[in-house]
Amino acid sequence: MTHKPKENEIARSLLEWVTAVAKTTKPDNIVWCDGSEEEFQSLIKLMTADGTLIQLNQDTYPNCYLHRSNPNDVARTEEATFICTKNKEDVGPTNNWMPSDEGKAKLLRLFDGCMKGRTMYVIPYLLGPAGSPYSQVGVELTDSPYVVANMEIMTKVGNVALEHMKNRKFVRGIHSTGQLDPDRRYICHFPDEKLIMSLNSNYGGNALLSKKCHSLRLASVMARDEGWLAEHMLIIGIEEPDGTVTYVTGAFPSASGKTNLTMLKPPEYMKDWKIWAVSDDIAWIHLDSEGRFRAINPENGFFGVAPNTSIRTNPKMMETIRKNTIFTNVALMMDRTPWWEGMGEHPRKLWDWQGKVWTAGKGSAAHPNSRFTTSINQYRFLSSEYTNPDGVPITAIIFGGRRSDLVPLVYESFSWEHGVLMGAMLRVETTAAAAGEVGVLRNDPMAMKPFCGYNIADYFKHWLSFRSKSENLPKIFQINAFRMGRDGRFLWPGYGHNLVVLKWIVDRCRGRADAVETPIGYVPTPESLNVSEMDLPRSTIDELLQVDKAAWMDELESSEMFFKTLGEQFPDQLRQELSKLTDRIQNPV
Ligand code: GTP
Ligand code: SPV
Ligand code: MN
């Protein structure tokens, strides 16, 4: 384990802060993390010794481990997540709010002495490519070795961060396992101080503070103030057979297909296409000197959903997680290899995610939100632009989500403003990524409902403001791979076949594909989609592309209800877009 870096290597404010936090939390000792392999292995050793990790079969899964979490700590807890500011209006009705002084005092009380008998780890991390003007440094203090190991996979830890910090500001994060007491679980954000305080949960999005807390909630506030965007988006390069690469971003809510689209394997009938991964979850988007959107990935790893990941659905991920991976809450087979629903045939005998012998009929063996943490650098189809400090130029933005009805397979907005309305109207089914009921429709604008660190109405204004800042605005699309037929089965096979949808999007951006102008936007003509080799009946294609006006009128009504909750802050421009959309549906030409 490493020791405190030489004093001249780090800003004095960092040392002072670490000392002050230790004074409150009272750890037995402090360890400064350098992100080395040696350090990672010593953490693994510690955790396999105390049972935090179970070593998997080292012949078939070398350097892979299983963590079984506390059963009460398996997903993000949005009701325990707060933005702490001076005024409630700062955060709007889609966030929980606490006055910052009250929040701070409350958390400091809870943190008092919470690390007694434990080690406090100091994790300096870099978000974004080394040397990029868009990258940021954060420091997370935690008493959880499991969190440290995950952070070392998900971010760039150690000197690379300290060097980037020099005397620049950094985001401060304090995390403690506490007693994993759900009644005293808090994930609090203080945007004015660039501070995060998280207690009583070790689950990914609650505890890996670089992820949703820093890269989205705090970064979205910085992005508003500085004129850029911090988004819950994947970034991919789509390479055509002639070698042309088009970069797009996609915002879909949690557990709604970002990682899978990022790792898409082209089907046989499009085998000359390639998909290059830049990011599977988060994009920081800045305008370059030509007013073009350029996106970087702040992260350095995948924290992916296990269930339904298989050789059929995502062979590239199945290969990636065969080494150096931490699995959380998956089931375990008798040969000490991981298993989850949708991986393949159900073994007759296995241990479920809580370590109990699984018996048929007793629910799922892996937790529905079981995950794996694995480094992006061992992914074979990583874009060569991943490390580009300037990021990649974005041609299209895609919104999506789980919607069993209403939303067509793909359609294009008429304009930037209409596209912003499309994102603002995103209403999708909830998933197991957050605690609470699954499959309930909720408004999740731009897939940022749980992640926008300020008033969502101001966030809409911020999106609209790019009209006047950029001559090169990306085109905006919405997709839906989850539409169901009357029999309750997905109409679209999804996964690799989603390349058909991506191709249409690229073709539209390059002026090569036909579309029908409908009231909601440009919908593909069946002929413009490359489906001839897909073995899908024409009636299914028609159903996938259908625009049901009555259903859209109902949708508008619920969107209006949601927008009303935002009050006066809701931008006039979107109100106008909404009434234009209503008008088009009511009075089609
Ligand atoms: P977060 O990491 O929570 O932000 O999720 P994500 O948006 O990256 O979702 P991910 O790609 O991990 O997919 C979540 C679940 O949806 C997994 O069980 C996938 O197998 C499944 N899924 C992804 N894409 C498709 C698709 O095209 N069709 C169907 N039917 N399921 C899909
Ligand atoms: C999500 O829930 O959107 C995730 C996983 O990507 S978490 O890190 O828990 O936020
Ligand atoms: Mn996510």
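As a reminder, the structure under discussion sits directly above these lines.
Residues numbered from 1 in each chain as written. Chains lettered and ligands numbered in written order. Predicted model: local features only at pLDDT ≥ 70, side-chain atom pairs only at ≥ 80, totals over all residues. Heavy atoms only, no water.

**Q** Explain helix 4 (residues 145–154) here, please?
**A** Within an α-helix, residues lying three or four positions from one another point in the same direction, as the helix has 3.6 residues per turn. With ten of ten residues buried, helix 4 lies mostly within the body of the structure. Those residues of helix 4 that sit buried are Pro 145, Tyr 146, Val 147, Val 148, Ala 149, Asn 150, Met 151, Glu 152, Ile 153 and Met 154. (Buried < 20%, exposed > 50% of the residue type's maximum accessible area, 1.4 Å probe, protein only. Helix = DSSP H or I, 4+ residues; strand = E, 2+ residues; numbered from the N terminus.)

**Q** Just checking my understanding: could you explain the site of ligand 1 for this structure?
**A** In the region of ligand 1, 22 residues are neighbours, and Ala 255, Lys 258, Pro 307, Arg 402 and Tyr 495 sit closest. A distance of 2.7 Å is found between an oxygen atom of ligand 1 and a backbone nitrogen or oxygen belonging to Pro 307. Sorting the residues of the shell around ligand 1 by element identifies helix 8 (258–262) and strand 18 (301–305) as the ones contributing at least two each. A class-by-class count of the residues in the shell around ligand 1 yields nine nonpolar, nine polar and four charged. (Near = heavy atom within 4 Å. Polar contact = N/O pair within 3.5 Å; in protein donor to acceptor, adjacent residues only side chain to side chain. Nonpolar A, V, L, I, M, F, W, Y, C, P; charged D, E, K, R; others polar.)

**Q** Just to check I follow, could you spell out the site of ligand 2 for this structure?
**A** Around ligand 2 sit Arg 76, Tyr 203, Gly 205, Lys 211, Lys 212, His 232, Ser 254, Asp 281, Phe 303, Arg 371, Ala 433 and Phe 451, and those are all the residues in its vicinity. Here an oxygen atom of ligand 2 and a side-chain polar atom of Ser 254 are 2.5 Å apart. In isolation ligand 2 has 280 Å² of accessible area, and contact with the protein removes 98% of it. Residue composition of the shell around ligand 2, grouped by class: four nonpolar, three polar and five charged. (Areas by Shrake-Rupley, 256 points an atom, 1.4 Å probe, with all protein chains shown as cover.)

**Q** Before we go on, may I ask you to explain the side chain of Thr 337 in this structure?
**A** Mapped onto the secondary structure, Thr 337 falls in the loop between strand 20 (331–333) and strand 21 (338–339). There is a polar contact of 2.6 Å between the side chain of Thr 337 and the side chain of Asp 335. Apart from the residues lying within four places of it in its own chain, the contact partners of Thr 337 are Asn 57, Thr 60, Tyr 61, Ala 331 and Leu 332. (Contact = heavy atoms within 4.5 Å.)

**Q** Can you help me understand unusual backbone geometry in this one?
**A** What is expected of a backbone is that most residues other than glycine have negative phi and most peptide bonds are trans. In this structure, Lys 26 is a non-glycine residue whose phi angle is positive, near 55°. On the secondary structure map, Lys 26 appears in the loop between helix 1 (12–25) and strand 1 (29–32). Of note, the phi angle at Asn 200 is positive, near 75°, even though the residue is not glycine. Mapped onto the elements, Asn 200 comes out in the loop between strand 11 (195–199) and helix 6 (204–207).

**Q** How should I be thinking about the coordination of the manganese ion (ligand 3) in this particular structure?
**A** Ideal values for angles at a metal depend on the geometry: 109.5 degrees with four tetrahedral donors, 90 or 180 degrees with six octahedral donors. At 2.2 to 2.5 Å from the manganese ion (ligand 3) lie its protein donor atoms, namely Lys 212 (NZ), His 232 (NE2) and Asp 281 (OD). As a motif over one chain, the donors of the manganese ion (ligand 3) read K-x19-H-x48-D. Linking His 232 in the loop between strand 12 (229–231) and strand 13 (233–239) with Asp 281 in the loop between strand 15 (274–279) and strand 16 (283–287), this pair joins segments that are 49 residues apart in sequence. Note on Asp 281: relative accessible area 8%, which makes it buried. (Donors = N, O, S within 2.8 Å, 3.2 Å for Na, K, Ca; no water.)

**Q** Even after reading the chapter, I still don't get the pairing of strand 18, so can you show me in this structure?
**A** Looking down a regular strand, the side chains alternate between one sheet face and the other. Most of strand 18 sits out of view: four of its five residues are buried. Note: strand 18 against strand 23 (residues 371–375), five bridges, orientation antiparallel. Residue pairing in the sheet places Phe 303 in a bridge with Thr 373 of strand 23. (Pairing = 2+ DSSP bridges.)

**Q** What's the story with the nonpolar core in this structure? I'm lost.
**A** Grouped burial of nonpolar side chains is what soluble globular proteins tend to show. Counting 131 residues, the largest nonpolar core has Phe 460, Trp 463 and Phe 563 as its most contacted members. Sequence-distant contacts of Phe 563, defined by excluding residues within four places in its chain, comprise Leu 421, Ala 424, Met 425, Phe 460, Phe 570 and Leu 578. Leu 126, Leu 162, Phe 170 and Leu 195 belong to the second-largest nonpolar core, a separate cluster that totals 31 residues. (Core = buried A, V, L, I, M, F, W, Y, C linked by side-chain atoms within 4.5 Å.)

Without other data, these values stay purely geometric and don't point to any function.
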